[in-house]
Amino acid sequence: MSGSANAPTTSSAPPSRMVVDARGSWCPGPLMELVRVIKEEPVGTEFELLSNDEGSRKDVPMWLEKAGHQLVEVRSETGYDRYIVRKSHE
Amino acid sequence: MKRVVILGGGIGGTTVANRIRKALEGEVATGQVQIQLIDREGIHAYQPGYLMVVFEKMRPEETRRDEAQLLHKSIQLVKGEVEKVDSAANKVVVKGGKELPYDILVIASGSVIHPELTPGFVEGAHSFYDLANAQKLRAALHDFKGGKIVVSVAGMPYKCPVAPLEVTFMLDDFLRSQGIRDKSEIHYTYPIPKVFGIDTVAQPMQRLMGERGVTIHVPFNVDKIDPAAKTIKGVEGETIPYDLLIAIPPHRGADFVGTSGLGDKGNWIPTDRYLLRAEGKENIFVLGDATNIPISKAGSTADYEAEAVTHNVASMIRGEAPTTRYEGRVYCWIMTGLAQATYIKFDYLHPPHPPTPSFAHYWNKVIYNRTYWDLTARALF
């Protein structure tokens, strides 16, 4: 299960869905991880960003809007949030 | 005899080699365990010193030592470039054909800067991520008579995430000390909508930038640099002219990670964030910049990770399960001027809260820079 405590930090899950476990990523931060992987992956890829940084609730939607990518869903899990994001363009 | 092979003679590889030797002192002394470390040049670089070289807080020669002098005499140093890890056959192939079999492999091959990945970077930007360029930047600042300086991040991930903040604040102090701050502008760009990744750090740093008269451009993701026109263009559409550009180059993991099929698209190795084992590889541990763990690529991270890797390697050598967890601990200073600093200390569960910058924190960093060789690299304490 992608959200388990011992899940791989970044792993590919079929099809074109990538889990980015950025819990505990205080430096450089979860949004930096999201920006990085979005640059690397093709258009249409979906990402599950896991973050326990409260600032992500503001930063992630704000950046996605500016960058023109889609925030599909935000789920509150125990101790962290799961952001489902789709890359919309190069 | 059991063989432990370590790839990389940076902070992570050196300290973990010395710690494993210490943890398995009896086994190494009696020849039951052999420790080998492979390093390309056999020169150990203290990379946090490069920024200090730019501002003449350290001399270039203070950032380098012979690796052989730092390793315990019972650790075999193999000079050579790793060509491939054959994880199916449990062996490392060194360029030139030499092969080193292993029972346990520790990969500490760090990150490699690739300025050529950003158009115009090599011709148009200064940086301080290797010693030669740090010295060039030092000379350029010495000749600088005023104008517009832009500090920018050209790729992610990059090592020492706080470095752009540090160079900005040190630059401000430097220009004041030269009496040319009023003839100069400092512009800071960052890829996300704030000056650093999380609020507890970004807010005090942004406040400090306001006090120092730094102009902030966020979000700004570098598209290209035009060396002739002296401009830097962001994918968001903004173009900033500069007289002197200081940029953080793109980074990648080591080439052999890719050719060995161990890495992701950036040659970072998917790694269990707690046990620090390469995913799907029972006898390969990874530490430092080489992992894909989304925390600071920094010497401090490698140092703390080395504690867990040492315990886990020693356990496996003794036939026990590796159970020691790395909990995400990192401790980094942030220079906020030429003689003041703050710090961030955190783990996976606890975010950092940098204290008010002070001379005392700066002095602690100076002391660490001096004691690094014994304290961390030789793991004497």
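As the structure is a computational prediction, the values presented were derived from the model and not from experiment.

Caption draft 1: The overall build of chain B, seen in detail. A count of helices and strands for chain B gives eleven helices and 21 strands. For 381 residues, the compact-globule estimate of 2.2 N^0.38 gives 21 Å, and the C-alpha radius of gyration of chain B, at 21 Å, lies within 12% of that figure. For chain B, the spread of C-alpha atoms along the principal axes amounts to about 65 × 40 × 40 Å. Going through the 381 residues of chain B one by one, you find that 52% of them count as buried.

Caption draft 2: Region of the structure containing the overall build of chain A. Within chain A, the secondary structure is distributed over two helices and five strands. Along chain A, from the amino end to the carboxyl end, the secondary structure elements read β-β-α-β-α-β-β. In chain A, which comprises 90 residues, the proportion classed as buried is 41%.

Caption draft 3: Spatial organisation of unusual backbone geometry. Between C27 of chain A and P28 of chain A the backbone carries a cis peptide bond, its omega angle lying at 15°. When you line up the elements, P28 of chain A lands in the loop between strand 2 (17-21) and helix 1 (30-40). In this model, N90 of chain B sits at a positive phi of 55°, which is unusual for a non-glycine residue. Here N90 of chain B lies in the loop between strand 6 (82-86) and strand 7 (91-94). Although it is not a glycine, C160 of chain B sits at a positive phi angle of roughly 55°. We classify C160 of chain B as buried; it has 25 C-beta atoms within 10 Å.

Caption draft 4: Highlighting helix 10 (residues 299-317) of chain B. All names here are of chain B. Counted at 1.5 Å a residue, the expected span for helix 10 with its 19 residues is 27 Å, and the 26 Å between its end C-alpha atoms agrees. Of all the bends found along helix 10, the most pronounced is centred on A306 and spans about 25°. A large share of helix 10 lies buried, amounting to 14 of its 19 residues.

Caption draft 5: Up close: the domain arrangement of chain B. All names here are of chain B. Taken domain by domain, chain B comprises domain 1 (2-110 + 254-330) and domain 2 (114-247). Distance between the C-alpha centres of domain 1 and domain 2: 32 Å. The interface of domain 1 with domain 2 comprises 13 residues on the first partner and 16 residues on the second. Each residue belonging to the side of domain 1 that touches domain 2 can be placed in one class, and the counts come to eight nonpolar, two polar and three charged.

Caption draft 6: Highlighting the interface of chain B and chain A. Taken together, the contact between chain B and chain A spans 33 residues of the former and 25 residues of the latter. Considered class by class, the residues forming the side of chain B that touches chain A number 20 nonpolar, six polar and seven charged.

Caption draft 7: Structural detail: the pairing of strand 14 (residues 222-226) of chain B. Residues and elements named next belong to chain B. Alignment of strand 14 against strand 15 (residues 231-234), held across four bridges, turns out to be antiparallel. From the neighbouring strand, K224 faces strand 15, where its bridge partner is K233. If you look at the hairpin formed by strand 14 and strand 15, you'll find four residues sitting between the two strands, and K230 has a positive phi there, around 55°.

Caption draft 8: A look at the packing of helix 7 (residues 163-177) of chain B against helix 8 (residues 199-212) of chain B. Residue and element names in this part refer to chain B. Their axes nearest at 11 Å, the elements helix 7 and helix 8 cross at an angle of 25°. Taken as axis vectors, helix 7 and helix 8 run roughly parallel relative to one another. With respect to the hand of their crossing, helix 7 and helix 8 are arranged in left-handed fashion. Counting all contacts with helix 7, which are made through L165, T168, F169 and D172, the residues of helix 8 involved are M205, L208, M209 and R212. Each residue belonging to the contact of helix 7 with helix 8 can be placed in one class, and the counts come to five nonpolar, one polar and two charged.

Caption draft 9: Representation of the confidence of the model for chain B in the model. Residues at a pLDDT of 70 or more form 100% of chain B, whose mean pLDDT is 97. Interface confidence for the predicted complex, given as ipTM, is 0.83, next to a pTM of 0.93.

Caption draft 10: Region of the structure containing the environment of H361 of chain B. Residues and elements named next belong to chain B. Looking at the secondary structure, you find H361 in helix 11 (residues 359-377). Judged by the 19 C-beta atoms lying within 10 Å of it, H361 is partly exposed. Sequence separation of H361 and I6 is 355 residues, and the distance between their C-alpha atoms is 34 Å. Here H361 is in contact with W333, A341, T342 and Y343, once residues within four sequence places are set aside.

So, how was this worked out
- Residues numbered from 1 in each chain as written.
- Chains lettered and ligands numbered in written order.
- Predicted model: local features only at pLDDT ≥ 70, side-chain atom pairs only at ≥ 80, totals over all residues.
- Helix = DSSP H or I, 4+ residues; strand = E, 2+ residues; numbered from the N terminus.
- Rg over C-alpha atoms; globule rule 2.2 N^0.38 Å.
- Buried ≥ 20, exposed ≤ 12 C-beta atoms within 10 Å, placed from the backbone.
- Expected span 1.5 Å × (residues − 1).
- Bend = angle between axes of the 7 residues up to and from the residue.
- Domains from an automatic or database assignment.
- Contact = placed C-beta atoms within 7 Å.
- Nonpolar A, V, L, I, M, F, W, Y, C, P; charged D, E, K, R; others polar.
- Pairing = 2+ DSSP bridges.
- Axes fitted to C-alpha atoms, helices over the stretch in contact; angles between N-to-C directions.
- Parallel < 35°, antiparallel > 145°, perpendicular 65-115°, else oblique.
- Left-handed = near helix turned anticlockwise from the far one by under 90°.
- pLDDT = per-residue confidence, 0-100.

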